[in-house]
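Geometric and topological summary
One-letter residues, chain by chain:
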Amino acid sequence: MSNGHSHSLEDGSVGEKRDQPPVDVDVKVKPRASLDNGNGNTGNGNGTVPRAPSLGSTQRQNSARSNGSRGSRASRARRRKEKEELIDVWPDPHKYNPRSFFLFPLDGIVRKVAIRCIEWKWWDRIVLFLIFLNTIQLAIYNPFDIPLLKPTSPFRDSLEVIGKVFSLLFTLECMVKLVALGLIWGEKTYLKDAFNYL
C-alpha cells in the first residue's frame, strides 16, 4: 500500500490535485416530492403521483357545466312561465274567497267589477283623501250652531249636506269592499283588515 502511494506521488497525479485550489461546488438537492418520476408527473410526497387532467376529462367537465347552466336556464324559464300563468288568472283565487256572502262567485260580473275597483291604484288614495276632508269638516263644526240658538245658518246647512255626501261615499266604499272581499267568512275578508275599521 505504501508502494502504491509513493507511485501516485511520483507520477504527480495526486500532487497536482493537492496543488489545485479547492472548487466550491453548489449542489442543490431537490426534495423527493418535487422529483420527476420519469413520466412527466411529479410526486406529492405520500407515494402517489398526481396526474395531469386529460383532454377528455376537461371536455366532460365543460359539458357538465354547460348542461348545468342549460338546466338552470330551463328551470328559470319554467318558473317564469308558471308565474305568468298565475298572473293570467284573474281574480286570483289565492287572494279572494270563492264566494262573498255565499252569493257572489269569483267569476261573477258584479264581483269582478268590485275587485277591479278595489285593485285600482287610486282607490285607497281617494278613500284616504275623503277621510282627511271629512276630518276637516268635523273639526270646523260648531256644536252651538243649532236651530234653537240660531234658526237660520247657511254655514250649518252646508256642513250638513257635506256630511251626508261623505256618509254616502263611505257607505258606497264599504259596500264595494264587502262584495269584493266578503264580510268575515274566509281568510282575507273585510273585517280581517285593520284598515277597514277606520
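Residues numbered from 1 in each chain as written. Predicted model: local features only at pLDDT ≥ 70, side-chain atom pairs only at ≥ 80, totals over all residues. Heavy atoms only, no water.

As a further point, take a positive patch on the surface. Together, R73, R76, R78, R79 and R80 give the surface a local cluster of positive charge. Of note, R78 is situated in helix α3 (residues 55-88). (Patch = residues over 30% accessible without salt bridge, like charges linked within 9 Å, V, L, I, M, F, W, Y side chains within 5 Å. Areas by Shrake-Rupley, 256 points an atom, 1.4 Å probe, with all protein chains shown as cover. Salt bridge = Lys/Arg side-chain N within 4 Å of Asp/Glu carboxyl O. Lys, Arg positive; Asp, Glu negative; His and termini not counted. Charge placed at Lys NZ, Arg CZ, Asp CG, Glu CD. Helix = DSSP H or I, 4+ residues; strand = E, 2+ residues; numbered from the N terminus.)

This part takes up the packing of aromatic side chains. Scanning the entire structure with this criterion turns up 2 aromatic pairs. A ring pair is formed by F102 and W185, whose centres lie 5.6 Å apart and whose planes are at 50°; its orientation type is tilted. On the criterion of sequence distance, the pair formed by F102 in the loop between β1 (99-100) and β2 (104-105) and W185 in the segment after α6 (154-181) is long-range, its members being 83 residues apart. For the pair F102 and W185, one class covers both residues: exposed. With 6.3 Å between their ring centres and 20° between their planes, F166 and F170 make a pair best called stacked. Of this pair, F166 and F170 are both found in helix α6, 4 residues apart, which corresponds to roughly one turn of the helix. A relative accessible area of 8% places F166 in the buried class. Between the NZ or CZ atom of R116 and the centre of the ring of W90, over which it lies, the distance is 4.1 Å. In this structure, R125 packs its charged tip against the face of W122, placed 4.7 Å from the ring centre. (Phe/Tyr/Trp six-rings, centres within 6.5 Å; stacked < 30°, edge-to-face > 60°. Buried < 20%, exposed > 50% of the residue type's maximum accessible area, 1.4 Å probe, protein only. Lys NZ or Arg CZ within 6 Å of the ring centre and 35° of its normal.)

Here we take up helix α5 (residues 123-139). In this model, α5 (17 residues) spans 25 Å end to end at C-alpha, consistent with the 24 Å of a helix rising 1.5 Å per residue. Listed in full, the buried residues belonging to α5 are W123, V127, L130, N134 and Q137. Mapping the buried residues of α5 onto a view down its axis gives an arc of 80°, with all of them on the same face. Exposed side of α5, more than 90 degrees from the buried face: F132 and A139 are the residues found there. Each element contacted by the buried residues of α5 is listed here: α4 (109-119) and α6. (Expected span 1.5 Å × (residues − 1). Arc of directions from axis to C-beta. Contact = heavy atoms within 4.5 Å.)

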